[in-house]
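For reference, the chains in residue letters:
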2 protein chains.
Amino acid sequence: MKDLDIREKADLLRLLGHPTRLLILEELARGVKCVTDIRDLLDIPQPNVSQHLAVLRQARLVDFYEDGQLRCYYLLRPALVAALLEFLGGEYPVVKRDREDVRREGRLREQERGVAPACEA
Amino acid sequence: MKDLDIREKADLLRLLGHPTRLLILEELARGVKCVTDIRDLLDIPQPNVSQHLAVLRQARLVDFYEDGQLRCYYLLRPALVAALLEFLGGEYPVVKRDREDVRREGRLREQERGVAPACEA
DNA sequence: GGATCATATTCGAATATTTGCATACTACCC
DNA sequence: GGGTAGTATGCAAATATTCGAATATGATCC
């Protein structure tokens, strides 16, 4: 079961990992847009837009309602996209470590919680 | 410049979007591990582990120090992985909408900020 | 009916990714 | 030196993804 869960998460990340789809989601985060709007904003062929929207739809990230002959797309889970954009906008400092760092922390953890230090020969 | 930025973000998400790599990151979030540890935990061939670690290394997500003949891998940007796992663990409710919802919100926005409602014929 | 607009789908070619396998490398022990 | 443990790399096959082109659908207008 955990494996299935992991696969779902990986699938989500992989499908989010496409520049065009990210841009579409960013645009939809600004407001509802129809296919032609997106085509004009991103300047890519309409079938390509439809293809990416189909992927996002299958993943239940977007949906649409019809307004005349227009299909107005919107974020089906806006909080998900908001969290994604926040994640992508974050700053994540690099923390280099060596054997001594980990040994010290290992001792600390050991004292606190009785956990053995990792990766000892 | 913004396009480059988007491509980098997409690359990051795509490379995170692989079940094995996600599992490796989850394990490393629990503590430092060497290649053999990971091989045993995930039960996959060692060259495969090394390949995924190489991908994660190139993305500057992990690094290692040497301890004798072991290479002890750790998260190079632990806050990034923590944010990722939090994002993946979140609950994101579905919000269905129709033309009337958006029309109402459009009017609200229009009054507040003078913005025209989206997706009108 | 024919033309046009908005959108979706299908298909094929190009490309990228993933994996398994074989092998190479290095450090250590005897 | 030879053997072994830990790790990395190169390569080929299988698989998946992406894009463009062509085509299809359905609504609207003349």
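Residues numbered from 1 in each chain as written. Chains lettered and ligands numbered in written order. Predicted model: local features only at pLDDT ≥ 70, side-chain atom pairs only at ≥ 80, totals over all residues. Heavy atoms only, no water.

A closer look at the protein's contact with DNA strand C
So, point 1. Close contacts around DNA strand C come from 20 residues, with Thr36, Ser50 and Tyr73 of chain A together with Arg14 and His52 of chain B the closest.
So, point 2. Protein-proximal atoms of DNA strand C, defined as those within 4 Å of the protein, fall in sugar or phosphate at a share of 63%.
So, point 3. Gln46 of chain A places a side-chain nitrogen or oxygen 2.9 Å from a base nitrogen of DNA strand C.
So, point 4. Note that a phosphate oxygen of DNA strand C is positioned 2.5 Å from one of the side-chain N or O atoms of Tyr73 of chain A.
So, point 5. For the surface near DNA strand C, the leading source of residues is helix α4 (residues 46–58) of chain A, giving five residues.
So, point 6. Residue classes in the surface near DNA strand C are distributed as seven nonpolar, nine polar and four charged. (Near = heavy atom within 4 Å. Polar contact = N/O pair within 3.5 Å; in protein donor to acceptor, adjacent residues only side chain to side chain. Helix = DSSP H or I, 4+ residues; strand = E, 2+ residues; numbered from the N terminus. Nonpolar A, V, L, I, M, F, W, Y, C, P; charged D, E, K, R; others polar.)

Overview of the nonpolar core
What tends to happen in soluble globular proteins is that the nonpolar side chains get buried as a cluster.
So, point 1. Counting 58 residues, the largest nonpolar core has Leu16 and Leu61 of chain A together with Leu16 and Leu61 of chain B as the members making the most contacts within it.
So, point 2. When neighbours within four sequence positions are excluded, Leu61 of chain B is seen to be in contact with Leu12, Leu15, Leu16, Leu56, Tyr74, Leu75, Leu76, Arg77 and Leu80 of chain B. (Core = buried A, V, L, I, M, F, W, Y, C linked by side-chain atoms within 4.5 Å. Buried < 20%, exposed > 50% of the residue type's maximum accessible area, 1.4 Å probe, protein only. Contact = heavy atoms within 4.5 Å.)

Thoughts on the relation of the copies chain B and chain A
So, point 1. With an RMSD of 0.1 Å, the fit of chain B onto chain A corresponds to turning through 180° and sliding 0.0 Å along the axis. Each copy turns onto its partner about a two-fold axis. The position closest to the rotation axis in chain B is occupied by the C-alpha of Arg14 of chain B, lying 2.3 Å away.
So, point 2. Of the residues that chain B buries at the interface, 98% are likewise interface residues in chain A, meaning the two copies contact each other through the same surface. (Least-squares fit on C-alpha atoms with pLDDT ≥ 70 in both.)

Regarding the packing of helix α2 (residues 19–30) of chain B against helix α5 (residues 78–89) of chain B
In a packed pair of helices, the relevant descriptors are the angle between the two axes and the axis-to-axis distance.
Residues and elements named next belong to chain B.
So, point 1. Look at α2 against α5: their axes get within 11 Å of each other, and the N-to-C directions meet at 115°. Crossing handedness for the pair α2 and α5: left-handed. Between α2, through Leu22, Leu25, Glu26 and Ala29, and α5, the contact on the second element is made entirely by Val81, Leu84, Leu85 and Leu88. (Axes fitted to C-alpha atoms, helices over the stretch in contact; angles between N-to-C directions. Left-handed = near helix turned anticlockwise from the far one by under 90°.)

A closer look at the pattern of salt bridges
So, point 1. Applying the stated criterion to the full structure yields 18 salt bridges over all chains.
So, point 2. Between Asp11 of chain A and Arg14 of chain A there is a salt bridge, with its nearest N and O atoms 2.5 Å apart. Of the two residues, Asp11 of chain A and Arg14 of chain A are both situated in helix α1 (residues 2–16); the distance of three residues between them amounts to about one turn of the helix.
So, point 3. We classify Arg14 of chain A as partly exposed; its relative accessible area is 40%.
So, point 4. Measuring nitrogen to oxygen at the nearest pair gives 2.9 Å for the salt bridge that ties Asp63 of chain B to Lys96 of chain A. Taken together, the residues span two chains, with Asp63 of chain B in strand β2 (residues 62–67) and Lys96 of chain A in the loop between α5 (78–89) and α6 (99–113).
So, point 5. The exposure class assigned to Lys96 of chain A is exposed, which follows from its relative accessible area of 58%. (Salt bridge = Lys/Arg side-chain N within 4 Å of Asp/Glu carboxyl O.)

What to know about the interface of chain B and chain A
So, point 1. Listed by partner, the interface residues are 50 residues for chain B and 49 residues for chain A.
So, point 2. Regarding the contact of chain B and chain A, the summed buried area is about 4500 Å², with carbon and sulfur atoms giving 70% of it.
So, point 3. If you look at where chain B meets chain A, you find six residue pairs in polar contact (both at pLDDT 80 or more).
So, point 4. Ranked by residue count, the leading element in the side of chain B that touches chain A is helix α1 (residues 2–16) of chain B, at eight residues.
So, point 5. Residues belonging to the side of chain B that touches chain A are distributed by class as follows: 30 nonpolar, two polar and 18 charged. (Buried area = accessible area lost by both parts, 1.4 Å probe.)

Some points on the pairing of strand β3 (residues 70–75) of chain B
All names here are of chain B.
So, point 1. Judged from the two bridges that link them, strand β1 (residues 33–34) and β3 form a sheet pairing that is antiparallel. Looking across to β3, one finds that Cys34 is bridged to Cys72.
So, point 2. In the sheet, β2 pairs with β3 via six bridges, with the strands oriented antiparallel. From the neighbouring strand, Asp63 faces β3, where its bridge partner is Tyr74.
So, point 3. The hairpin turn running from β2 into β3, its antiparallel successor, is two residues long, and Gly68 in that turn takes a positive phi close to 65°. (Pairing = 2+ DSSP bridges.)

Keep in mind these values describe shape, not function.
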